[in-house]
Amino acid sequence: MATSCTSVSMSKPATSRLALGLALILGLSSCQFGASNSQPTGFGPADRTDIEQNMAAQEQAWNTGDLTGFMLPYWHSDSLLFVGSKGPSYGWSTTLANYQSGYPTPEHMGQLHFDVLQLDPLGNDHAFMLGAWHLQRSDSLGDLNGHFTLIWARAKSGAGTDSGWHIISDHSS
């Protein structure tokens, strides 16, 4: 399937919005992540380890109050998609600002823990993750928890972003 990095035009029937959204995310991200003219690299144990290490680094950054460090695995692009309780938003800077607004102090941030429930390749250069998150906070603020789905993409060196695995879509509830 050839994907244009400059335009994608498709109809949006109600029954295929999820499939369309995923195809659009994967198609647009191929401009910087795993472009179709590159040699397939495969998804193996080292990729799984890299993604899991990114998640562990996110936990550590969050738990030390470092939101910028927490955001490092996210695609530093205006096309990053984040879907939370207030609906979809786009962009790395917007996502960081939303985290800063929602968790303004270390007390609000609490201690974060992720449980990865599923991590499956979506081809050679994309992966789907399902997980749970738990935020332990003081009694006055109360604990929070929920689930997330992440789409990860492998960035190619020289693609205008750091190489390695990046989150291109996050749906957290």
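Refer to the structure presented above.
Since the structure is predicted, the reported quantities are computational estimates derived from the model, not experimental observations. (Residues numbered from 1 in each chain as written. Predicted model: local features only at pLDDT ≥ 70, side-chain atom pairs only at ≥ 80, totals over all residues. Heavy atoms only, no water.)

**Let's talk about the packing of aromatic side chains**
- Going through the model one piece at a time under the given rule, you end up with 9 aromatic pairs.
- With centroids separated by 5.8 Å and ring planes inclined at 80°, the aromatic side chains of Trp62 and Tyr99 adopt a geometry described as edge-to-face. Within this pair, whereas Trp62 is found in helix 2 (residues 45-63), its partner Tyr99 is found in helix 4 (residues 92-102), the two being separated by 37 residues in sequence.
- Where Phe114 meets Phe148, the ring centres are 5.4 Å apart and the plane angle is 75°; that geometry is what we call edge-to-face. (Phe/Tyr/Trp six-rings, centres within 6.5 Å; stacked < 30°, edge-to-face > 60°. Helix = DSSP H or I, 4+ residues; strand = E, 2+ residues; numbered from the N terminus.)

**Observations regarding the environment of Arg137**
- Summarising the element assignment, Arg137 is placed in the loop between strand 4 (126-136) and strand 5 (144-155).
- Taking relative accessible area as the criterion, Arg137 reaches 14% and is therefore assigned buried.
- For the pair Arg137 and Glu107, spaced 30 residues apart in the sequence, the C-alpha separation amounts to 6.8 Å.
- The residues touching Arg137, leaving out its near neighbours within four places in the chain, are Tyr103, Glu107, His108, Met109, Gly110, Gly142, Asp143 and Leu144.
- Of note is the side chain of Arg137, whose polar atom sits 3.0 Å from the backbone oxygen of His108. (Buried < 20%, exposed > 50% of the residue type's maximum accessible area, 1.4 Å probe, protein only. Contact = heavy atoms within 4.5 Å. Polar contact = N/O pair within 3.5 Å; in protein donor to acceptor, adjacent residues only side chain to side chain.)

**Observations regarding helix 4**
- Residues of helix 4 that are buried: Trp92, Thr95, Leu96 and Tyr99. Considered in projection along helix 4, the buried side chains sweep an arc of 100° and stay on one side of the axis. Exposed positions of helix 4 whose direction lies more than 90 degrees from the buried face are Ser93 and Ser101.
- Buried positions along helix 4 lie against helix 2, helix 3 (67-70), strand 1 (81-84) and strand 6 (164-172). (Arc of directions from axis to C-beta.)

**Looking at the nonpolar core**
- Membership of the largest hydrophobic core comes to 28 residues, with the highest contact counts inside it found for Ile51, Trp62, Phe70, Tyr74, Tyr99, Met129 and Trp152.
- Ignoring anything within four residues of it in the chain, the contact list for Ile51 reads Phe43, Leu119, Ala127, Met129, Trp152 and Trp165. (Core = buried A, V, L, I, M, F, W, Y, C linked by side-chain atoms within 4.5 Å.)

**Focus: the pairing of strand 3 (residues 111-121)**
- Relative to strand 4, strand 3 is paired through 10 bridges, and the arrangement is antiparallel. Among the inter-strand pairings, His113 is bridged to a residue of strand 4, identified as His134.
- Taken together, strand 3 and the strand that follows it, strand 4, pair antiparallel across an intervening segment of 4 residues, in which Gly123 is found at a positive phi of about 90°. (Pairing = 2+ DSSP bridges.)

**Overview of the side chain of Asp170**
- With respect to the helices and strands, Asp170 occurs in strand 6.
- Within polar-contact distance, the side chain of Asp170 engages the side chain of Tyr74 at 2.5 Å.
- In contact with Asp170, not counting residues within four places along its chain, are Tyr74, Leu81, Phe82, Val83, Tyr99, Phe148, Thr149 and Leu150.

**Points about the sheet that holds strand 4**
- Spatial strand order, 2-1-6-5-4-3: 6 strands in an open sheet with mixed pairing. Both edges of this open sheet fall to strand 2 (87-90) and strand 3, since each of them pairs with a single strand only. Strand after strand, the sheet turns through a mean of 30° between neighbouring axes, direction not considered.
- The pairing of strand 4 with strand 5 spans 10 bridges and is antiparallel. Bridge pairing links Met129 to Leu150 in strand 5.
- Across the sheet, helix 4 is in contact with strand 1, strand 2 and strand 6; its angle to strand 2 comes to roughly 125°. (Axes fitted to C-alpha atoms, helices over the stretch in contact; angles between N-to-C directions.)

**Overview of the pairing of strand 1**
- Of the two faces of strand 1, the one holding Leu81 and Val83 and the one holding Phe82 and Gly84 are both buried throughout.
- Taken together, the 4 bridges between strand 1 and strand 2 define a ladder with antiparallel strand orientation. Directly across from Leu81, in strand 2, lies its bridge partner Tyr90.
- Where strand 1 folds back on strand 2, the antiparallel hairpin that results is connected by 2 residues.
- Two elements, strand 1 and strand 6, share 3 bridges in a ladder whose sense is parallel. Paired with Phe82 across the bridge in strand 6 is Asp170.

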